[in-house]
Amino acid sequence: MVGTFRPRRLASAALLGALALGLAACGGEYPNSTFNHNTDFNADIDALWDKLLFWGTIVFVGVEAALVYTIFRFRRRPGGATPKQVHGNTALEITWTAIPAVILIFIAIPTVRTIFKTQAKAAPDALQVEVIGHQWWWEFKYPQLGITTANELYLPNGRTVNFQLKTVDVLHSFWIPQMGGKRDLISNRTNYLWFTPNKDLPTSAWNGFCAEFCGPSHANMKFRLYTVTPAEFDQWAAHQKQPAIFPAVAAPPAAPVPSGVAPVPSGTGAAPMLLASAQGAMPADTGMAAAAPAPVPVWAFPREKLEKEFAYTIPTAKIPVSERFDESLLAKGDAARGKDLYNKSSCIGCHAIAGTPFNMAAVGPNLTHVGTRYTIAGGLYPNDAKHLAYWIKNAPALKPGSLMPTLGKGLTDPKTKMVVNVGGLTDADIADIVAYLQALK
Ligand code: HEC
Ligand SMILES: [Cu+2]
């Protein structure tokens, strides 16, 4: 009955619950926080935020204090007479108009200053990076270096980078919360955004996102940023700008594996990045093997660091049981046959592999050094043999709406509703192609 209902007790329990919930938000890490000084851009925004919070707090406390005082001081008392009615108080009205005006000036000046600073042209010696939005992945070009890559961006710490933001289809928005942004990619025009990663940052990895709804896989349009030392960046760039080197020279004769130490399984993507080409491979695909200089060894972001930082973002693939790939075939993948198959398949109509003739399409990501990347499909899946195989077999099943079609023989393409027969790939074919792609370091 009414006697058991205690609104006060309920209210205090609710308050306690809300407080606990609020406090819980103070724990843990914030991989996508913008409140940091990793770049000049974020430091400026953070300084503005602090000013707003400061003035906002003063206004809040002042207004609430006046309100609470008024409520108690002038509350209705039993038998009390009607209080004195006041209409207009010129001095008071001038004061409460003037104070907000002054506060607004304190906020407006730094705000406008920050807007002008961040909208100005980047320093002329900035590293130029073209960012091209695609449904649903990111293309990154370094015009000064002649590099084209996808979904994984490398930047040297301490150097200003000037992004030229473009899209080939619909609107997207480029955002790396820990670094700066977000800024839209707009059809038929170029937007600019620049920032300087703090020169003291360690070699680190960051999340990037598309922040403008762009279709069914908008939420799957992510990317990674690696901020590295200038020396590491130079190594990375020197390797990336050379054409694909295939066949990569096999690893030196297998050293006896110390007992108890498991060999690195092939196809996990965990193979050491400094490989093959470091040992003097001839660039068989350049057509001038004899004259070509020794290839630059691979340098890629240290994987150990990545796993530590990204353990929580790499999603486990959701693969329908009816379309399982025969994973036992992956160990038998023949890269040379895979290369042949690749060049005879539809792949060349959409992808590019520098250094191999007829591979110059730009519908899909550039695959020249796909083996050096840690993720595929807009940061959605780890770049390992299993995910590559499932991806090639049926990309739209792994990423809704994907513009890469279903290629597994006998499967039904969700878009065209047609069964893939002519040009379809068997699991064995795919295993070979996967071996080839993984060799493209
Ligand atoms: C009709 C065009 C088209 C064809 C044909 C095609 N692809 Fe793709 N591919 C794409 C697109 C578009 C993407 C990006 C999809 C996304 O992430 O949303 C992609 C992504 C990929 C990726 C992931 C790359 C990365 O860095 O994210 C790989 C690997 C790949 N394709 C391999 C192949 C292979 C191998 C073939 C041939 C057997 C092939 N593709 C045929 C369009 C195509
Ligand atoms: Cu997008």
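Use the structure listed above.
Residues numbered from 1 in each chain as written. Chains lettered and ligands numbered in written order. Predicted model: local features only at pLDDT ≥ 70, side-chain atom pairs only at ≥ 80, totals over all residues. Heavy atoms only, no water.

Student: Sorry if this is basic, but what is going on with the coordination of the iron atom of ligand 1 here?
Tutor: Each donor-metal-donor angle in an ideal tetrahedron of four donors is 109.5 degrees, and each such angle in an ideal octahedron of six donors is either 90 or 180 degrees. For the iron atom of ligand 1, the full set of protein donor atoms is His-351 (NE2) and Met-404 (SD), and the range of their distances to it is 1.9 to 2.1 Å. One can describe the site at the iron atom of ligand 1 as octahedral: its 6 donor atoms subtend angles covering 87 to 178° at the metal. In this pair, His-351 is assigned in the loop between α6 (335-344) and β11 (375-376) and Met-404 in the loop between α7 (385-398) and α8 (427-439), connecting sequence segments 53 residues apart. The burial state of His-351 is the same as that of Met-404; both residues are buried. (Donors = N, O, S within 2.8 Å, 3.2 Å for Na, K, Ca; no water. Tetrahedral: all angles 85-135°; square planar, octahedral: opposite > 155°, others 65-115°. Helix = DSSP H or I, 4+ residues; strand = E, 2+ residues; numbered from the N terminus. Buried < 20%, exposed > 50% of the residue type's maximum accessible area, 1.4 Å probe, protein only.)

Student: Help me out: how do you make sense of the sheet that holds strand β9 (residues 204-210) in this one?
Tutor: By way of backbone hydrogen bonds, the strands of a sheet pair with one another, either parallel or antiparallel. Sheet architecture is open: 5 strands sit in the order β4-β10-β9-β6-β7, paired in mixed fashion. The open sheet terminates on both sides in strands that have one partner only, identified here as β4 (152-156) and β7 (180-185). On average, each strand axis in the sheet is tilted by 20° relative to the strand beside it, whichever way the strands run. The pairing of β4 with strand β10 (residues 222-228) spans 5 bridges and is classified as parallel. For Leu-155, the partnering residue across the bridge sits in β10 and is Thr-227. Relative to the sheet, helix α4 (residues 230-240) contacts β4 and β10, its axis offset from that of β4 by approximately 135°. (Pairing = 2+ DSSP bridges. Axes fitted to C-alpha atoms, helices over the stretch in contact; angles between N-to-C directions. Contact = heavy atoms within 4.5 Å.)

Student: How should the nonpolar core be read in this particular structure?
Tutor: One recurring pattern in soluble globular proteins: nonpolar side chains tend to sit buried together. Core analysis: the biggest nonpolar cluster contains 39 residues, and Leu-153, Tyr-154, Phe-163 and Phe-174 have the highest contact counts within it. Per element, the largest residue contribution to this core is 4 residues, and it comes from β10. Two domains share this core, each providing at least three of its residues, namely domain 2 (127-240) and domain 3 (276-439). Once residues lying within four places of it in the same chain are set aside, the contact partners of Tyr-154 are Tyr-142, Tyr-226, Val-228, Phe-233, Trp-236, Trp-299, Ala-300 and Phe-301. By size, the runner-up hydrophobic cluster in this structure holds 36 residues, among which are Phe-325, Ile-376, Trp-391 and Ile-392. (Core = buried A, V, L, I, M, F, W, Y, C linked by side-chain atoms within 4.5 Å. Domains from an automatic or database assignment.)

Student: How should I be thinking about the packing of aromatic side chains in this particular structure?
Tutor: Working definition: an aromatic ring pair is given by the centre-to-centre distance plus the angle between the planes. Counted by the stated rule, this structure contains 21 aromatic pairs. Look at Tyr-69 and Phe-74: their rings are 6.5 Å apart centre to centre, the planes differ by 90°, and that puts the pair in the edge-to-face class. Summarising the aromatic geometry, the rings of Phe-174 and Phe-223 are spaced 5.3 Å apart at their centres and angled 15° between planes, so their arrangement reads as stacked. Placement of the pair is Phe-174 in strand β6 (residues 172-176) and Phe-223 in strand β10, with a sequence separation of 49 residues. (Phe/Tyr/Trp six-rings, centres within 6.5 Å; stacked < 30°, edge-to-face > 60°.)

Student: Looking at this model, I keep getting lost on the site of ligand 1. Mind explaining?
Tutor: Surveying the vicinity of ligand 1 reveals 28 residues, the closest of which are Cys-347, Cys-350, His-351, Ala-377 and Met-404. Lys-399 is positioned with one of its side-chain polar atoms (N or O) 2.9 Å from an oxygen atom of ligand 1. Every element with two or more residues in the shell around ligand 1 is listed here: α7 and α8. Residue contributions to the shell around ligand 1 peak at 3 residues, all from α7. A per-class count over the shell around ligand 1 returns 20 nonpolar, 6 polar and 2 charged. (Near = heavy atom within 4 Å. Polar contact = N/O pair within 3.5 Å; in protein donor to acceptor, adjacent residues only side chain to side chain. Nonpolar A, V, L, I, M, F, W, Y, C, P; charged D, E, K, R; others polar.)

Student: Looking at this structure, how should I read the pairing of strand β8 (residues 191-195)?
Tutor: Every regular strand shows the same layout, with side chains that alternate between the two sheet faces. Summarising burial for β8: 4 of the 5 residues are buried, a large majority. Of the pairings in the sheet, the one linking strand β5 (residues 161-167) to β8 comprises 5 bridges and is antiparallel in character. Counterpart to Leu-165 in the pairing with β8 is Asn-191.

Student: Is there a simple way to explain the sheet that holds strand β3 (residues 147-150) in this structure?
Tutor: Judged by pairing direction, the sheet is mixed, and its 5 strands sit side by side in the order β3-β2-β1-β5-β8 without closing on themselves. With one partner strand each, in any of the chains shown, β3 and β8 form the two edges of the open sheet. Between one strand axis and the next, the sheet turns through 25° on average, direction left out of account.

Student: Teacher, can you tell me more about the coordination of the copper ion (ligand 2) here?
Tutor: Each protein donor to the copper ion (ligand 2) is listed here as His-172 (ND1), Cys-210 (SG), Cys-214 (SG) and Met-221 (SD); together their distances run 2.0 to 2.6 Å. One can describe the donor arrangement at the copper ion (ligand 2) as tetrahedral, given that its 4 donor atoms subtend angles of 90 to 125° at the metal.

Student: Looking at this structure, I do not really get α8. What am I missing?
Tutor: Think of an α-helix as 3.6 residues a turn; residues three or four steps apart then line up on the same face. Relative to the 18 Å expected for 13 residues at 1.5 Å per residue, α8 spans 18 Å between its end C-alpha atoms, a close match to the ideal helical length. Within the span of α8, buried status applies to Asp-427, Asp-429, Ile-430, Ala-431, Asp-432, Ile-433, Val-434, Ala-435, Tyr-436, Leu-437, Gln-438 and Ala-439. The inward-facing, buried residues of α8 abut α6 and α7. (Expected span 1.5 Å × (residues − 1).)

Student: So what exactly am I meant to see when it comes to unusual backbone geometry here?
Tutor: Across the chain, the bulk of peptide bonds are trans and the bulk of non-glycine residues have phi less than zero. Here the residue pair Gln-135 and Trp-136 is connected by a cis peptide bond, since its omega of 0° sits within 30 degrees of zero. By secondary structure assignment, the location of Trp-136 is in the loop between β1 (127-134) and β2 (137-142). Positive phi values are uncommon outside glycine, yet Asn-188 reaches one of about 65°. Inspection of the secondary structure assignment puts Asn-188 in the loop between β7 and β8.

Student: Whenever I open this one, the pattern of salt bridges confuses me. Can you help?
Tutor: Opposite charge on two side chains permits pairing when their charged atoms draw close. Scanning the entire structure with this criterion turns up 7 salt bridges. Across the salt bridge formed by Glu-130 and Lys-166, the nearest N and O atoms sit 3.4 Å from each other. Within this pair, whereas Glu-130 is found in strand β1, its partner Lys-166 is found in strand β5, the two being separated by 36 residues in sequence. For Lys-166, a relative accessible area of 24% translates into the label partly exposed. Linking Lys-393 and Asp-427 is a salt bridge whose minimum nitrogen-to-oxygen distance equals 3.0 Å. Here the residue Lys-393 occupies a position in helix α7, and Asp-427 occupies one in helix α8, the gap between them amounting to 34 residues. For the pair formed by Lys-393 and Asp-427, the shared burial category is buried. Several salt bridges share partner residues, and in doing so they unite Arg-337, Asp-429 and Asp-432 into one network. (Salt bridge = Lys/Arg side-chain N within 4 Å of Asp/Glu carboxyl O.)

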